[in-house]
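# Topology and contacts: notes
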Amino acid sequence: MKKLFIFIFMILFVVGCTNKKDLMKEYGTDYYKKYMTGVTGLTEARIKLEDLEKMNKAEGKEVYDLSSFKRCDKDSYISLKLENKKIVSYEFNLIC
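Remember, predicted model here, so these are calculated numbers, not experimental data.

### What to know about the overall build of the protein
- Scanning the protein for helices and strands turns up 2 helices and 3 strands.
- Its helices and strands in sequence order give the protein the pattern α-β-α-β-β, from N to C terminus.
- By residue count, 24% of the 96 residues in the protein fall in the buried class.
- At a minimum sequence separation of 6, the contacts of the protein that also span at least 24 residues come to 63%.
- For the protein, the accessible area works out to roughly 7,000 Å², and carbon and sulfur atoms hold 55% of it.

### Observations concerning the pattern of salt bridges
- Counted under the stated rule, the structure contains 5 salt bridges.
- Between E44 and R46 there is a salt bridge, and its shortest N-O distance comes to 3.4 Å.
- Overall, R46 belongs to the partly exposed group, its relative accessible area being 43%.
- A salt bridge links K81 to E44; the shortest N-O distance between them is 3.4 Å.

### A short note on the side chain of N56
- Mapping N56 onto the fold places it in helix α2 (residues 49-59).
- Beyond its immediate stretch of four places on either side in the chain, N56 contacts K61, E62, V63, Y64 and L66.

### Remarks on the nonpolar core
- Membership of the largest hydrophobic core comes to 17 residues, with the highest contact counts inside it found for I47 and L52.
- Ranked by residues supplied to this core, first place goes to helix α1 (residues 2-35) with 4 residues.
- For L52, the contacting residues outside a window of four places in its chain are M24, Y27, Y31, I47, Y64 and L66.

Cut-off values and rules
All residue numbers refer to positions counted from 1 along the written sequence of the respective chain. Selection of residues for local features in this predicted model requires a pLDDT of at least 70, selection of side-chain atom pairs for listing and counting requires 80 or more, and totals for whole chains, interfaces and linings are taken over all residues. Values reported for side chains reflect all heavy atoms of the structure, with hydrogen atoms and water molecules removed beforehand. Each helix corresponds to a stretch of at least 4 residues labelled H or I by DSSP, and each strand to a stretch of at least 2 residues labelled E; elements are numbered beginning at the N terminus. Only protein chains enter the accessibility calculation, which uses a 1.4 Å probe; a residue whose area is less than 20% of its type maximum is buried, one above 50% is exposed, and one in between is partly exposed. By the convention used here, residues are in contact when the closest approach between their heavy atoms is within 4.5 Å. The accessible surface values rely on the Shrake-Rupley method and a 1.4 Å probe; as for residues, cover is taken only from the protein chains in view. Each salt bridge in this description consists of a side-chain nitrogen of Lys or Arg and a carboxyl oxygen of Asp or Glu lying within 4 Å of one another. Only buried residues count toward a nonpolar core. Its members are Ala, Val, Leu, Ile, Met, Phe, Trp, Tyr and Cys residues joined through side-chain atoms within 4.5 Å.

Read these as layout, nothing more, since geometry by itself doesn't imply function.
Written out as structure tokens, the structure is:
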């Protein structure tokens, strides 16, 4: 019974992290395309949760639903690796 409980907990933990990564990938990509594509010479774009919160405040509405990240540190980020302004890979640093 104890092993079953631990197994279920681990599955829920992995699913929760995957959902956060998917959301962060979606929001990071959107943020980059809307606000950063005009910047030249970038090989990496690092977007923090704090940046997304600031954008919500600047727009005066909730552009990004950050409720899934309530327990995450504001310094959590997604790093978009770029080649010729195109995203080639993602790297996550979620501190939750």
